[in-house]
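Next come the chains, spelled out residue by residue.
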Amino acid sequence: MNKDILRNISYGVYVVSTTDSTKSTGCIVNSIMQVSSDTVALSINHQNYTNECVKKNKKFAISILSTDVDDNIIPVFGFQSGRDCDKFETIEKINIQGIDVIKDSIGYLICELTGDIIETDTHSLFLAKILDGDILNKKEPMTYAYYHAVKKGKSPKTAPTYIEEKTDEQGLIYKCKICGYIYKGDINLEPDDYICPICKKPKSFFEKI
Ligand SMILES: Cc1cc2nc3c(=O)[nH]c(=O)nc-3n(C[C@H](O)[C@H](O)[C@H](O)COP(=O)(O)O)c2cc1C
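Note that the structure is predicted; figures quoted are calculated from it, not measured. (Residues numbered from 1 in each chain as written. Predicted model: local features only at pLDDT ≥ 70, side-chain atom pairs only at ≥ 80, totals over all residues. Heavy atoms only, no water.)

Caption draft 1: Spatial organisation of the site of the ligand. Neighbouring residues of the ligand: 26 residues in total, closest Ser31, Asn45, Thr50, Gly82 and Thr158. Within the contact set of the ligand, a nitrogen atom lies 3.0 Å away from a backbone nitrogen or oxygen of Ser43. Note that an oxygen atom of the ligand is positioned 2.7 Å from one of the backbone N or O atoms of Asn45. Elements supplying a minimum of two residues to the shell around the ligand: β2 (24-29), β4 (39-45), α1 (49-57), α2 (73-79) and α3 (144-149). Here the shell around the ligand takes four residues from β2, the largest share from any one element. Taken together, the residues of the shell around the ligand sort by class into 12 nonpolar, 12 polar and two charged. (Near = heavy atom within 4 Å. Polar contact = N/O pair within 3.5 Å; in protein donor to acceptor, adjacent residues only side chain to side chain. Helix = DSSP H or I, 4+ residues; strand = E, 2+ residues; numbered from the N terminus. Nonpolar A, V, L, I, M, F, W, Y, C, P; charged D, E, K, R; others polar.)

This is the structure we're talking about:
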């Protein structure tokens, strides 16, 4: 199968947030769809901490990200786990109905699980009722295609849309130790002030894999 065909399914880029017993947490999710006027469906990997927190709390928020979203939001929410850090520590938030949402977003939906969860080998497919929602900033929504084409962003293995990275012809491939961004080719040929396009760390943060 030519997996590139899957890159042609359109998505947005969102932060799904909820709480654990001590703090707010969440992760980047692209696989969200509106099922009806008051119901959404979303797919979250079993390995993601957000999966178990959504199952426990049942209530969560979806923050809709824009094309000019703060550069820290995708690295923090998409490449780190809430098991190891407090993701909202450095991110501006607003509390709506007890759930922290991203202030620098187009807006939010507050949702509650309907109880219907379909389990695949790797992901849980959640169905949820929309309880509330509002616009915070009128901006252009970021699509998953924009994230890849313009932001040159990557997706971790836990994203349902992850496609295995291929090495370049020389077989050289480097990974940013902070956000997981994959650089194909010889990074030593980049200028000294080269920075990771996702988390903006210098090239000394890249390791050969
Ligand atoms: C652009 C992008 C899209 C993603 N989409 C999904 C998704 O739809 N479902 C999912 O489970 N993980 C997705 N991820 C991966 C999670 O955001 C990532 O594994 C995160 O670190 C999990 O954090 P947690 O362990 O705190 O839940 C995506 C990541 C990125 C960068």
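Continuing now.
Caption draft 2: Up close: α1. Along α1, the positions that sit buried rather than exposed are Tyr49, Thr50, Asn51, Cys53 and Val54. Lys58 sits one or two positions beyond α1 and adopts a positive phi of about 70°. (Buried < 20%, exposed > 50% of the residue type's maximum accessible area, 1.4 Å probe, protein only.)

Caption draft 3: Representation of the sheet that holds strand β12 (residues 206-208) within the structure. In space, the three strands of this open sheet follow the order β11-β10-β12, with antiparallel pairing throughout. Lying at the two open borders of the sheet, with one neighbouring strand each, are β11 (182-184) and β12. Strand-to-strand twist of the sheet, defined as the mean angle between neighbouring strand axes without regard to direction, takes the value 30°. In this structure, strand β10 (residues 173-176) lies alongside β11, joined through three bridges in antiparallel fashion. (Pairing = 2+ DSSP bridges. Axes fitted to C-alpha atoms, helices over the stretch in contact; angles between N-to-C directions.)

Caption draft 4: Structural context of the domain arrangement of the protein chain. By the assigned domains, the protein chain splits into domain 1 (10-149) and domain 2 (173-208). The straight-line distance from the C-alpha centre of domain 1 to that of domain 2 is 27 Å. Counting from both sides, the interface comprises four residues of domain 1 and, opposite them, six residues of domain 2. Taking both partners together, domain 1 and domain 2 bury about 430 Å²; carbon and sulfur atoms supply 64% of that area. Counting the contacts that link domain 1 with domain 2 gives one salt bridge. (Domains from an automatic or database assignment. Contact = heavy atoms within 4.5 Å. Buried area = accessible area lost by both parts, 1.4 Å probe. Salt bridge = Lys/Arg side-chain N within 4 Å of Asp/Glu carboxyl O.)

Caption draft 5: Structural detail: the pattern of salt bridges. Under the criterion given, the structure shown has nine salt bridges. Between Lys56 and Glu52 there is a salt bridge whose closest N-O contact spans 4.0 Å. Remark: Glu52 and Lys56 occur in helix α1; sequence separation between them is four residues, near one turn of the helix. A relative accessible area of 33% means that Glu52 is categorised as partly exposed. Among the ionic pairs, Lys200 bridges to Asp71, the shortest N-O distance being 3.7 Å. In this pair, Lys200 is assigned in the loop between β11 and β12 and Asp71 in the loop between β5 (59-64) and α2, connecting sequence segments 129 residues apart. Residues joined by salt bridges that share partners form a network here, namely Glu52, Lys56 and Arg83.

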